Structures are given as C-alpha cells and as structure tokens.
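What follows is each chain in one-letter form.
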Amino acid sequence: MPLNELTSALGKKRAAHLLRRTCFAGSIAEIDAFAALTPAQAVGQLFNATLPDPVLPIDPLTGNEWITGAFAPESEGSELERYFLAWHIGQMLGNGIDDSVKLSYIFRERLVFFLHTHFTTKRSVVGSSRALYFQQALFRLFAFDQEDITIPAEDPMDPDTIVPRNFKQLTKKLSVDNAMLIFLDGRFNVKGSPNENYARELLELYSIGRGLEGNVPEPDFQGDYFYFTEEDVQAGARVLSGFNVDQTFSNIDEETGLPRGVVRGETIATSHEEGTKTFSSRMGNGVVTPDTDLMQAGNPTEESVLDEISQFVDLIYDQEETSRAICREIYRFFVYHQVDQTLQDDIIQDMADIFTANEFKIQPVLEALFTSEHFYEADAGEDDNNFGSIIKSPIDLVLGFVRNFDIQLPNYETELNDYYSFTTDLLREISDQGMDYYEPFEVAGYAAYHQFPIFNRSWITTNYLTNRYNFIRGALSDGTNMEMGQVNVLDFVVDNFDIGTIRIAEDFIIAVAEYFLPNSENLSFDTAGGELTTERLNYFKTAMFEFAIDADPEAAWTTRWDGNLDASTRANQIVDLFNAMLQSPEYQLM
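Residues numbered from 1 in each chain as written. Predicted model: local features only at pLDDT ≥ 70, side-chain atom pairs only at ≥ 80, totals over all residues. Heavy atoms only, no water.

How would you explain the overall build of the chain if you had to name every residue and give the values?
Counting its regular elements, the chain contains 25 helices and 10 strands. The C-alpha radius of gyration computed for the chain amounts to 26 Å, which stays within 12% of the reference 25 Å derived for 590 residues, consistent with globular compactness. The C-alpha extent of the chain, read off along each of the three principal axes, is 95 × 60 × 50 Å. Here the chain holds 590 residues, and 57% of them are scored as buried. If you take every contact in the chain between residues at least 6 apart in sequence, the share linking residues at least 24 apart comes to 70%. Working note: accessible area of the chain is about 23600 Å², and carbon and sulfur atoms make up 46% of it. One way to put it: in the chain the 41 positive side-chain charges average out to a point 3 Å from where the 94 negative ones average out. (Helix = DSSP H or I, 4+ residues; strand = E, 2+ residues; numbered from the N terminus. Rg over C-alpha atoms; globule rule 2.2 N^0.38 Å. Buried < 20%, exposed > 50% of the residue type's maximum accessible area, 1.4 Å probe, protein only. Contact = heavy atoms within 4.5 Å. Areas by Shrake-Rupley, 256 points an atom, 1.4 Å probe, with all protein chains shown as cover. Lys, Arg positive; Asp, Glu negative; His and termini not counted. Charge placed at Lys NZ, Arg CZ, Asp CG, Glu CD.)

Right under this line is the structure:
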C-alpha cells in the first residue's frame, strides 16, 4: 500500500509519537497543542523555513567564539571538542530559542543528528572542533531542503544564482568537506597512490549500498557487490583524488558559504588522476569526463576536479537502488528497523519514488511519511503499528526526559559555565548508556543504525539499562536539596495536570501514562482491553504507595490533595510513581 495520508486530528497518542520521533519528545503543553492538529498541520509547523542560525560555541576561558578564527581560543583542542559537543546538546534542546519556532529548531537539529549517523565522523580521528562544526553546519544547511539556495547577484540587474539544495548536492559537498577528508583519508588520495577509503564508503554506506539487509543479492564474480563493483571503487577513487585539508578553513565554497578542502597544487591540481574514468556495467558503464573548459592548458584545476566529483555523484544517484538505500535509512531512523522485501516493495519504494521525483530532497519524503497512516497505525489490515517500535537511543532517552519535563537549561549567554556543566553532564549520561557522541565504534557509524539484524537492540545491555535507570532516578526530586537539572515532581504535576485528575490516584496514573508511554490508549483499572493491562496499571499504583503507612492509601492521597496537606508525602509518592513508570520497559521505547 502507498503512503496514504492520515487526515484526522492527531489526538494525544499520535501527537506524542510524532514529537518523540522528530523532537526527541514533547512537553505536556506541546503534546496537547499538537493533539488538536492534523498531521499535515503539525508537520507544517515542524518544517519552518525561517529559523535563526545558532549562536556560535564559546570558549569559556576567553568568553569568545573560536570557530570563525576571529578569536584565538585558550582552551586545549580536546576541551574545545567537548565544548562543541556540549554546545550541540543545547542546540538539540532548543536552548534560548523563541517558543514560536522552538519545535522546528529542535527538529532541524534532530535531522542534523540523523545526517551525522548517516555520514559518520569520529572526533578522535578528525581532531578539530572547527572541522566538526563546519561539517555540522553543512548538515544544518541541507536539513530543510524544500527550497533551493539562492545566491544574490553582485549586480542587481543580473539574475540570482539558484543552487540545488538536496541530498545529492549534500553528498557532493561532503566529498570535499574538511572533516570527511580527514576521517576517511581523502587527503591521502593522490595521483599514483590512490586511497580508496572514501570512495568505498561513499558507495557502500552513504549511497547505493549492497542491497536490502538479509536479502542481499548474490554476486556474479569476485569484487562484485551487485549494485557496484571493485572497479567502481577504483574509478571513484581516481575521480576524488587530489584534495587536501584546508587547516585555515579559508577556502570558502561559494554555494554554501562554508569552508571546504583545497586541491594539492595552487592553480593546477597536481595530485589529481587525469583522464576519463570508466565505471562498470553495474553502474551503467558510466563515464566521468574532465571538462576541458574548466582545465588550464589541459591540466586539471580545482573547478574541473569538483566537476568530476559532481559527475560521479550524479552517476551514483542515477542508479535506482541509491534512492531505495537512502530511504531505508530514513525509515529505520524514524519508523522501524525491520525492513523486509514486502515493505521494501511497498513503503520504501513509495518513499524512493517521492525522493527521486523531488530531485532527491528528503523534506517531501519526510512530509509524506509523517502525515501517513503507516507512520502511526501502519495500514488497514496490519496486525501491528509503529507506536513504541524503536528502542530509544541514549540521546533519545536523555534529551527526551529533559523535553518531557520541560527542564530549562542555564542561559548560554549569561550562565556559560553552568550551561557547559549541565550539558556536559548530559553527555556523560549519554555515554554511560552506550553512545559516545561523535565517537562511534565503527566507520559505518553507531551499530544501532546499521548493524543487521540487531539494530537498536544493541542499546540494551544489563550495564546500559542500569545506567538508564540511574539517570532517571537521579533526575527526579521531591523538591528538597534540589540540584541543577533535577525535576521538582510536585511542582511539575501541579503545573501540568488538572487537580480533578490528580486527586484520584487511578485517574492520575492513567493521565501520566498517556503522556509518557507510547502505548497508552483506553486505559482502565477496571476493564481489560487497554494497551496496558490492569495488572500493569496496578503495578504502577503499588509502586506509588509502596511506602505508604495509611490504612487506605488512595483515600489518604485524595485527602491530602483536597486539603493541600503533607506536600512531602505527596512528592515522595509522585517520585515513586515516576521512577516505576520511567524505569519500565515501556518508557525505553518510542
């Protein structure tokens, strides 16, 4: 079945689902606001094309940014990398962003994160916070790609230049990105001594791939990967040869306004493999031919090499499998990891058709996906849905918790040290749960996004699960001896739930579950048939009153709320409820 549009209002469950998948999670107020919208209205709010640029990372020792090179940092390189990552945690939480565009801003940063999981980089290999920042800025520029890039003409009488903004164009720009040139050794790929690392990963990981995992076609000969061959890797390496890292970050790409690598040699690209590059029959016997108009006296230049790279990437995207492979990655990140041949022939192919028809822009694909019935309830006749089908990554769990409780970060501009302290703590929690941010174990990236067949189940081990629970336990407070980043649960409940619901313990437990758990419709303590069993609900109630000394804990709960009595007891019981619910298997899902 195609991606049939869902046109009814989202309601609470679907709204919370959409916000988990696009913005790490939603606050109570955000979920309520989205619940009244149709998917198209909600997704329209997420794709806001007029977002502010981020405030640059600041070195706390100087009080100035170090990215542009206008100010020299005093912190060491490894410290600057840590500040950059801590800074980005705040970006993903929309720190300091106006509420009117905050969700869209957070969604853009989640797409930046998605692109990082696809075009992987390791900070220990790159070793430059500036290179990492500029690569991330490139992701940010291409995250919302509905509108192409307009470059104003110098002469107002001349027409503006329109540059494509799409996944294919991003692939071209990343091929000469400084961080990528370091990470996959493109800087060592020179005439007479080819380095094939980037060409191989470009074909295998970033674009066409080897086919549907679990159903990869059999090769016909040695060096055949069905959709490309060793011959294509070698030819691709020749196309990509001759670039080096620009340590000064002063070679600015005119189309993106961001730094890129430089060719070895000054006017002439002396380290570029000259001549025509021919590809295999798997890639249609394609040919990359140097443009003599861009060469100088028959010698390659930076412009002619960039044109060859453009031709190579065009050839890759001319292959139908490329669109399917990229859409599988999108699907696994936002919907569910398991893709079989039936799903590939149906939903993935529909996404790929949209991707191709829209000149390889991902925004139309995401809009169709997030407004589809399939994204929520799957399709008519299916016996399963997509609620709670993904195990939260550590970054989803930690940032989702902050978003659920609307925890406010210290002000970046006026409380910089506290800001870095708080976001660095969040990074440590994410690492303790199994994700060393910007330091995946493999060149292919974080195992949860690529390793067949386990995928996101790799996030769950005894140790990682214990650390998840410890994080939740440490972040919940009864309001005494509060520490930075903790939630005062009593204040949170009073601010976000109606007193008529709070005062009845069972109604309150159901209301909390509806906002925090992915499968929580039709809940009842009396009648079976809800998405949580009566036994499960009673487990949460037992946990809430485990340490109660009242003869009738539920009646005492109501009495305390009606009379505004014994705040300490109420707070501790709420802490116990949240600990039970948020340390449950259900909360680990999204």
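Break down the pattern of salt bridges for me, with residues and values.
Counted under the stated rule, the structure contains 35 salt bridges. Measuring nitrogen to oxygen at the nearest pair gives 2.4 Å for the salt bridge that ties Glu531 to Lys13. With a gap of 518 residues between them, Glu531 in the loop between α22 (505-516) and α23 (534-544) and Lys13 in helix α1 (residues 11-23) connect regions that are remote in the sequence. A relative accessible area of 31% places Glu531 in the partly exposed class. The residue Arg123 makes a salt bridge to Asp436 at a minimum N-O spacing of 3.0 Å. (Salt bridge = Lys/Arg side-chain N within 4 Å of Asp/Glu carboxyl O.)

Which residues make up the packing of α23 against helix α25 (residues 567-582), and what are the values?
At their nearest, the axes of α23 and α25 sit 7 Å apart, and the two run at 140° to each other. The pairing of α23 with α25 is recorded here as oblique in orientation. Handedness of the α23/α25 crossing: right-handed. Facing α23, whose interface residues are Tyr539, Phe540, Ala543 and Met544, α25 presents Gln573, Asp576, Leu577, Ala580 and Met581. (Axes fitted to C-alpha atoms, helices over the stretch in contact; angles between N-to-C directions. Parallel < 35°, antiparallel > 145°, perpendicular 65-115°, else oblique. Left-handed = near helix turned anticlockwise from the far one by under 90°.)

Help me get a handle on the packing of aromatic side chains, residues and values and all.
Between two aromatic rings, the relevant description is the distance of the centres plus the angle of the planes. All chains considered together, the criterion is met by 52 aromatic pairs. Taken together, a centroid distance of 5.8 Å and an interplanar angle of 50° make the contact between Phe114 and Phe334 tilted. One end of the pair, Phe114, is in helix α5 (residues 102-118); the other, Phe334, is in helix α13 (residues 320-334), and 220 residues separate them in sequence. Assigned by exposure class, Phe114 and Phe334 land together as buried. The lysine or arginine in question, Lys392, covers the ring of Tyr587, its NZ or CZ lying 3.5 Å from the ring centre. (Phe/Tyr/Trp six-rings, centres within 6.5 Å; stacked < 30°, edge-to-face > 60°. Lys NZ or Arg CZ within 6 Å of the ring centre and 35° of its normal.)

Explain the nonpolar core to me, using residue names and the numbers behind them.
In a soluble, globular protein the nonpolar side chains are often hidden away together inside. In this structure, Phe401 and Phe578 are the most contacted members of the largest nonpolar core, which totals 187 residues. Aside from chain neighbours lying at most four places away, what touches Phe401 is Asp396, Ile407, Phe471, Ile472, Ala475, Leu476, Val487, Leu582 and Tyr587. (Core = buried A, V, L, I, M, F, W, Y, C linked by side-chain atoms within 4.5 Å.)

Would you mind going over unusual backbone geometry in detail, with residue names and values included?
Cis geometry is adopted by the peptide bond preceding Pro453, which originates at Phe452 and carries an omega value of 0°. With respect to the helices and strands, the residue Pro453 is situated in the loop between α18 (416-432) and α19 (462-475). Even without being a glycine, Tyr438 presents a positive backbone phi close to 65°. Within the element layout of this structure, Tyr438 appears in the loop between α18 and α19. Its relative accessible area of 0% is what places Tyr438 among the buried residues. Despite not being glycine, Asn522 has its phi angle at roughly 55°, a positive value. Within the element layout of this structure, Asn522 appears in the loop between α22 and α23.

Can you lay out the side chain of Ser584 for me, pointing to particular residues and giving the numbers?
With respect to the secondary-structure elements, Ser584 resides in the segment after α25. Looking at Ser584, the relative accessible area reads 2%, which means it is buried. Of the polar contacts made by the side chain of Ser584, one reaches the side chain of Glu586; its length is 3.1 Å. Filtering out sequence-adjacent residues up to four positions away, Ser584 remains in contact with Leu517, Arg536 and Phe540. (Polar contact = N/O pair within 3.5 Å; in protein donor to acceptor, adjacent residues only side chain to side chain.)

Which residues make up the environment of Asn470, and what values go with them?
Within the secondary structure, Asn470 sits in helix α19. On a C-alpha basis, the gap between Asn470 and Asn579 in space is 9.8 Å, while along the polypeptide they are 109 residues apart.

Outline the environment of Tyr206, listing residues and values.
Along the chain, Tyr206 falls in the loop between α10 (197-204) and α11 (230-240). Separated by 54 residues in the primary sequence, Tyr206 and Arg260 place their C-alpha atoms 19 Å from one another. When sequence neighbours within four positions are dropped, the list of residues in contact with Tyr206 reads His118, Phe119, Thr120, Met180, Phe183, Leu184, Tyr198, Glu201 and Ile326.

Tell me what's going on with the side chain of Lys168, and back it up with residues and numbers.
If you trace the backbone, Lys168 turns up in helix α8 (residues 167-174). Residue Lys168 is classed as buried on the basis of its relative accessible area of 18%. With residues near it in sequence (within four places) discarded, Lys168 still touches Val313, Asp314, Tyr317 and Phe360.

Hey, could you go over helix α14 (residues 341-357) for me, with residue numbers and the actual values?
Helix length check: α14 (17 residues) gives 22 Å between terminal C-alpha atoms against 24 Å at 1.5 Å per residue, within 8%. Of all the bends in α14, the largest measures some 35° and sits at Ile348. Within the span of α14, buried status applies to Leu343, Gln344, Ile347, Ile348, Asp350, Met351, Ala352, Ile354 and Phe355. Elements in contact with the buried residues of α14: α8, α12 (302-317), α13, α15 (362-370) and α16 (373-377). Between the side-chain oxygen at the start of α14 and the backbone nitrogen of Thr342 there is a gap of 3.2 Å, and the oxygen is on Asp340. Downstream of α14 by a residue or two, Glu359 has a phi angle that is positive, lying close to 55°. (Expected span 1.5 Å × (residues − 1). Bend = angle between axes of the 7 residues up to and from the residue.)

Could you give an account of α19, naming the residues involved and the relevant values?
With 14 residues, α19 extends 20 Å between its outermost C-alpha atoms, agreeing within 8% with the 20 Å of an ideal straight helix rising 1.5 Å per residue. Listed as buried for α19 are Asn467, Arg468, Tyr469, Phe471, Ile472 and Ala475.

Any chance you could break down the environment of Leu203 for me, citing the residues and the numbers?
Structurally, Leu203 can be placed in helix α10. Among the residues examined, Leu203 registers a relative accessible area of 0% and is labelled buried. Separated by 33 residues in the primary sequence, Leu203 and Gly236 place their C-alpha atoms 8.9 Å from one another. What Leu203 contacts, discounting residues up to four positions off in sequence, is Ile208, Gly209, Phe228, Asp232, Val233, Met283, Phe312 and Ile316.

So, the packing of α22 against α23: which residues are in play, and what are the values?
Relative to each other, α22 and α23 sit at 115°, their axes nearing to 10 Å. It follows from the interaxial angle that α22 and α23 lie roughly perpendicular. Two packed elements cross with a definite hand, and for α22 against α23 that hand is right-handed. Residues Glu506, Phe508 and Ile509 of α22 form the contact with α23, whose own contacting residues are Phe540, Lys541 and Met544.

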